[in-house]
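The residues making up each chain are set out below.
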Amino acid sequence: MSSRIAHHYCNLVFNRPWLVILALLVLVAFFGWQAQNFRLDASADSLLLENDPDLEFSREVNQRYGVRDSVIVAYTPQGELFDRSTLERMNALREELLAIERVASVDSILNVPIFGDTPLTGISEDYLTLMDEEQDLAAAREEIINSPVFSNALLSPDGQTAGLLVSFEIDERARALINRRTELRNLELAGQLDAEQMNELLAVEAEYDAYSVVAADRQHEMIGEIRDTLERYRDQAQIYLGGAPMIADDLVTFVENDLSNFSLAVLVLIIGALGIIFRKVRYVVLPLACCAVAGTIMVGILGLMDWRVTVVSSNFISLLLIITISLTVHLTVRYRELRATRHFSDHDKLLRHAVLSMFRPCLYTALTTAVAFGSLIVSGILPIINFGWMMMMGVATALLVAFTLFPAIMSLLPADTTQLSANLKLNLTSALASLTDHLKGRVLWLYALITLISVVGLTQLRVENSFIDYFRQSTEIYQGMTLFDEKLGGTLSFDVIVNLPDQEAAADEFDDGFSDDFGGFDDAFGDDGFGDDPFAADASQDDAYWFTAPKMQQIKAIHDYLDNDPQTGKVLSFGAIVRLAEQLNGNAPVDGVLWALLYSRIPETLKDTVLNPFVSIDENQLRFNVRVIESADNLNRNELLARIESGIEQEFGFADEDVRLTGILVMYNNVLQSLFQSQILTLGVVMFAIMLMFLALFRSLSIALICIIPNAIAAGFVLGIMGWADRPLDIMTITIAAISVGIGVDNTIHYMHRFRREFPRFGDYRKTMFFCHNSIGRAMYFTSMTIVAGFSILALSNFIPTIVFGLLTSLAMLVALTGSLTLLPRLLITFKPLGPDSTDSQRQAED
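Residues numbered from 1 in each chain as written. Predicted model: local features only at pLDDT ≥ 70, side-chain atom pairs only at ≥ 80, totals over all residues. Heavy atoms only, no water.

J.: Can you explain helix 26 (residues 701–724)? Please cite residues and give values.
T.: End to end, helix 26 covers 34 Å across 24 residues, agreeing with the expected 34 Å (1.5 Å per residue, within 8%). Following helix 26 by one or two positions, Asp-726 has its phi on the positive side, about 55°. (Helix = DSSP H or I, 4+ residues; strand = E, 2+ residues; numbered from the N terminus. Expected span 1.5 Å × (residues − 1).)

J.: For unusual backbone geometry, give the residues involved together with the corresponding values.
T.: Backbone geometry places Arg-279, a non-glycine residue, at a positive phi of 55°. Note on placement: Arg-279 falls in the loop between helix 8 (244–278) and helix 9 (282–305). Given a relative accessible area of 72%, Arg-279 falls into the exposed group. A positive phi angle is found at Lys-832, which is not glycine, with a value near 50°. As for its placement among the helices and strands, Lys-832 is situated in the loop between helix 31 (823–831) and helix 32 (838–846). Given the relative accessible area of 27%, Lys-832 is considered partly exposed. (Buried < 20%, exposed > 50% of the residue type's maximum accessible area, 1.4 Å probe, protein only.)

J.: Kindly report on the nonpolar core, identifying the contributing residues and their values.
T.: Core analysis: the biggest nonpolar cluster contains 238 residues, and Ile-109, Ile-226, Phe-494, Val-496, Phe-574 and Tyr-751 have the highest contact counts within it. One finds Leu-201, Tyr-208, Tyr-211 and Ala-215 within the second-largest nonpolar core, a separate group that totals 10 residues. (Core = buried A, V, L, I, M, F, W, Y, C linked by side-chain atoms within 4.5 Å.)

J.: Now, about a nonpolar patch on the surface: what can you tell me, with residues and values included?
T.: A cluster of nonpolar side chains, contributed by Leu-446, Leu-449, Leu-452, Ile-453, Val-456 and Trp-724, occupies part of the molecular surface with about 550 Å² of accessible area. Of the residues forming the nonpolar patch, the biggest block, five residues, is contributed by helix 15 (residues 442–459). Mapping Leu-446 onto the fold places it in helix 15. By relative accessible area, Leu-446 is classed as partly exposed at 42%. (Patch = residues over 30% accessible without salt bridge, like charges linked within 9 Å, V, L, I, M, F, W, Y side chains within 5 Å. Areas by Shrake-Rupley, 256 points an atom, 1.4 Å probe, with all protein chains shown as cover. Salt bridge = Lys/Arg side-chain N within 4 Å of Asp/Glu carboxyl O.)

J.: Tell me about the pairing of strand 3 (residues 162–168), residues and numbers included.
T.: In terms of residue burial, strand 3 counts as a mostly covered element, since six of its seven residues are buried. Pairing analysis gives six bridges linking strand 1 (residues 70–77) to strand 3, with the strands arranged antiparallel. By the bridge assignment, Ser-70 is partnered in strand 3 with Ser-167. Relative to strand 3, strand 2 (residues 103–107) runs antiparallel, the two sharing four bridges. Paired with Val-106 across the two strands is Val-166, which belongs to strand 3. (Pairing = 2+ DSSP bridges.)

J.: Describe the packing of helix 10 (residues 316–341) against helix 27 (residues 736–762), listing the residues and the values that go with them.
T.: Between two packed helices, the angle of one axis relative to the other and the distance separating the axes together describe the packing. The N-to-C vectors of helix 10 and helix 27 enclose an angle of 15°; their axes lie 11 Å apart at closest approach. Of the possible angle classes, the one that applies to helix 10 and helix 27 is roughly parallel. For helix 10 against helix 27, the interelement crossing comes out right-handed. When helix 10 is examined against helix 27, the residues Leu-319, Ser-326, His-330, Arg-334 and Glu-337 are found in contact with a partner set consisting of Ile-739, Asp-746, His-750, Arg-754 and Arg-757. Among the residues making up the contact of helix 10 with helix 27, the classes are represented as two nonpolar, three polar and five charged. (Axes fitted to C-alpha atoms, helices over the stretch in contact; angles between N-to-C directions. Parallel < 35°, antiparallel > 145°, perpendicular 65-115°, else oblique. Left-handed = near helix turned anticlockwise from the far one by under 90°. Contact = heavy atoms within 4.5 Å. Nonpolar A, V, L, I, M, F, W, Y, C, P; charged D, E, K, R; others polar.)

J.: Account for the side chain of Asn-747, naming residues and giving values.
T.: Mapped onto the fold, Asn-747 is located in helix 27. Residue Asn-747 is classed as buried on the basis of its relative accessible area of 5%. Ignoring anything within four residues of it in the chain, the contact list for Asn-747 reads Met-780, Ser-784, Met-813, Ala-816, Leu-817 and Ser-820.

J.: Describe the sheet that holds strand 3, and please don't skip the residues or the numbers.
T.: Within a sheet, each strand pairs with its neighbour through backbone hydrogen bonds, oriented either parallel or antiparallel. Strand order in the open sheet made by the four strands is 2-3-1-4, with antiparallel pairing throughout. Strands at the two margins of the open sheet, each flanked by one partner only, are strand 2 and strand 4 (237–242). With strand direction ignored, the average angle separating the axes of adjacent strands in the sheet is 20°. Where strand 1 meets strand 4, six bridges bridge the pair, whose relative direction is antiparallel. Following the sheet pairing, Ile-72 is matched in strand 4 by Gly-242. Against the sheet, helix 4 (residues 84–98) engages strand 1, strand 2 and strand 3, with an angle of about 165° to strand 2.

J.: Explain helix 20 (residues 574–584) residue by residue, including any values.
T.: The element helix 20 is extensively covered by neighbouring structure, given that nine of its 11 residues are classed as buried. With a side-chain oxygen lying 2.9 Å from the backbone nitrogen of Gly-575, the N-terminal cap of helix 20 falls on Ser-573. Where helix 20 ends, the next residue or the one after it, Gly-586, has phi of about 75°, a positive value. (Polar contact = N/O pair within 3.5 Å; in protein donor to acceptor, adjacent residues only side chain to side chain.)

J.: Go over the packing of aromatic side chains, please, and point to the residues and values.
T.: In this structure the tally under the stated criterion is 22 aromatic pairs. Arranged with centres 5.4 Å apart and planes meeting at 90°, the rings of Phe-359 and Phe-403 form a pair that is edge-to-face. Residue Phe-359 is found in helix 11 (residues 347–374), and its partner Phe-403 is found in the loop between helix 12 (382–402) and helix 13 (405–412); the two are separated by 44 residues along the sequence. What makes Phe-359 buried here is its relative accessible area of 18%. Residue classification places Phe-403 among the buried positions, given a relative accessible area of 3%. Cluster of aromatic residues (ring-pair linked, three or more members): Phe-254, Tyr-470, Phe-471 and Phe-799. Just above the ring of Tyr-208 sits the side chain of Arg-181; from NZ or CZ to the centre is 4.6 Å. (Phe/Tyr/Trp six-rings, centres within 6.5 Å; stacked < 30°, edge-to-face > 60°. Lys NZ or Arg CZ within 6 Å of the ring centre and 35° of its normal.)

J.: Any chance you could break down a negative patch on the surface for me, citing the residues and the numbers?
T.: Residues Glu-101, Glu-169, Glu-221, Glu-225 and Asp-228 make up a contiguous surface patch of negative charge. Residue placement: Glu-169 occurs in the loop between strand 3 and helix 6 (172–189). Since its relative accessible area comes to 41%, Glu-169 is described here as partly exposed. (Lys, Arg positive; Asp, Glu negative; His and termini not counted. Charge placed at Lys NZ, Arg CZ, Asp CG, Glu CD.)

J.: Before we move on, could you go through the environment of Arg-102 and cite the residues and values that matter?
T.: Position of Arg-102 relative to the elements: it lies in the loop between helix 4 and strand 2. Sequence separation between Arg-102 and Gln-219 is 117 residues; the distance between their C-alpha atoms is 9.0 Å. Residues within four places of Arg-102 in sequence aside, it is in contact with Ser-167, Phe-168, Glu-169, Ile-170, Asp-171, Arg-218 and Met-222.

Function cannot be read off these values alone, since they describe shape.
The structure is reproduced here in structure tokens:
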């Protein structure tokens, strides 16, 4: 820092420490109060590309087909499922679930129609359900097991597990706000937004943000009520809850539990590590105080700005802890180093020298770390962008706190009278220096081999997002998702939307009996009857002509194509209804006349259950809802989605624009592919940007090139290990590249800055290396070991992303430390970017 800035800085921090501490306490109090607005958000929208056209299309599809959020309950009784007492108890559960506020319906085997041997043309509203006393339960069991609609959805193929589909009421207010926001944003993108509409957009966005908090809390409470209700029935049955809203809720719960359960453990281990390293209370308390102040300020900023932490950015506090501890440990080690070598200097002078001498390298590390995390801003995904901004602001906050609170408190404390040896050797860092010196050029060959291995691992790296792999096999959510995959056709799904070609309906049309079939289906499944005259409902003749026999056969064929894919689970579509109609028609095709007659007699309430969710006559469009088997071996969702879309186009002759996939899995896949391209494939661009930072900091192209090499190898090694371990990058670990680079550059800059400063004193690269290993190398070692000790405890979590984050962060710290203490000095010795050794110069002069 310049002499004028240094003067003002010293005058404030060292001469008025109480003022600095008071100012920080005021900030802590203010932002601590704002921290009450800090929120975790695991909603589906929080992990999606806001400008993704598939997101807007998905919302359009959901509104067109009346898709509701829902969860599903898997109910496996201890006794026989198709027993009257078991069904009565299951019905009591269903009634309790229906009584929960905002639960719109609960569909199960209890309210589906049982047709028996009734032919299609004989179906009426007078059907039986399982709850009718005269119903033959054994016959009903066989019918439901063989039903193309209900089997593997509401009843497992073995007839032992029943599913209860709990559908939520549509949030009309949220839908209206999203629709209006989308309209205004589209106008803004087109450059057609006037001042009044801009004000409306800001108001709508603010209203939606506020309402989404209320809606999220309400849904969390509703899922909590559902869980409490299920708990009362677990004494006689094995019960699991599944579905996208439940998974999102559980993600938040697991993250919150990890934050609360492991925070104390990490704190204890870090205290232990600092205590073992420094053996002085002040050097344990000071780093932790800086962490607490920086953390409180950052959490308060997030609460104040309503930047919600998602499962993607939930580790930002841990990263902030790493950065803050790194800064304070470097300050501590530098102060103690000066105390050990300058016995006759007073406490205040040593402290000033330590702080001022460390400011430049710490500022450099903060800037380069910010550049690494800044690469996240170009992702196009709001939570990732916010994570990048969070970390950039966190780095600045950590730097500010470390260089104000640490010196202010230290200046108030009495001088440390502990006798320190001038021999600064540390066994490990000295050993690495000796090893680097002994191996000479073989160090470069060793790292070349490591680079080759890393590159091979990188070629095996893949992106995948499997929610079931987020949890240990011993957890209830993992066991539940596995059961849903095995017995109820999976939980998470995507939609296949097919635009049919425009054509006039053929003369053969719908069959009457199928209408009656659906009358019973709806009455049971949707709790709505036909009314007094089930066949009195009027329908447009043109709409009735839409249901031609060839078209129904095509719908069935597409349904079968999707159902036959080995990695898909239950397929819900009008194709299943076509199959059911054929069963009721004596396993014979239904001709067009009966299809048209059926449609003309379906009540409107029935259409909302069996027709409207899958068919849009106005748009001449079909919707197929396809569940995915999350636990399937070698499941690659990107390949599955591409295979499904291209397969339907090729198999049935549709144009590319007539087949489109949407839904939560499709949008998550878009996020992953976007992140992979912006974060992994552009890693070279990020490295180039950091090299430019090195060039600006050290004003030497050769030094910049030398410094970037260990960081590139470290980042590549961490990603390569993931490739070799067959651990895919997912929505939780996609940021590990930025994290690896952000962590790695710190050690490189500290070491290079000290090496360049000490080299003129020794005039020998080898001697300078040994000195730096036993000075700044100590601080690098202490910092890395403290972090590794603290984060190793995360391996005990039940949440796999937390485990992976802890292990990869520790690995990144160790690789960065090793590279900075072996490869970096060997490159300096080999290429001599600071000029020749003084001994070499003397020899040349003598010659």
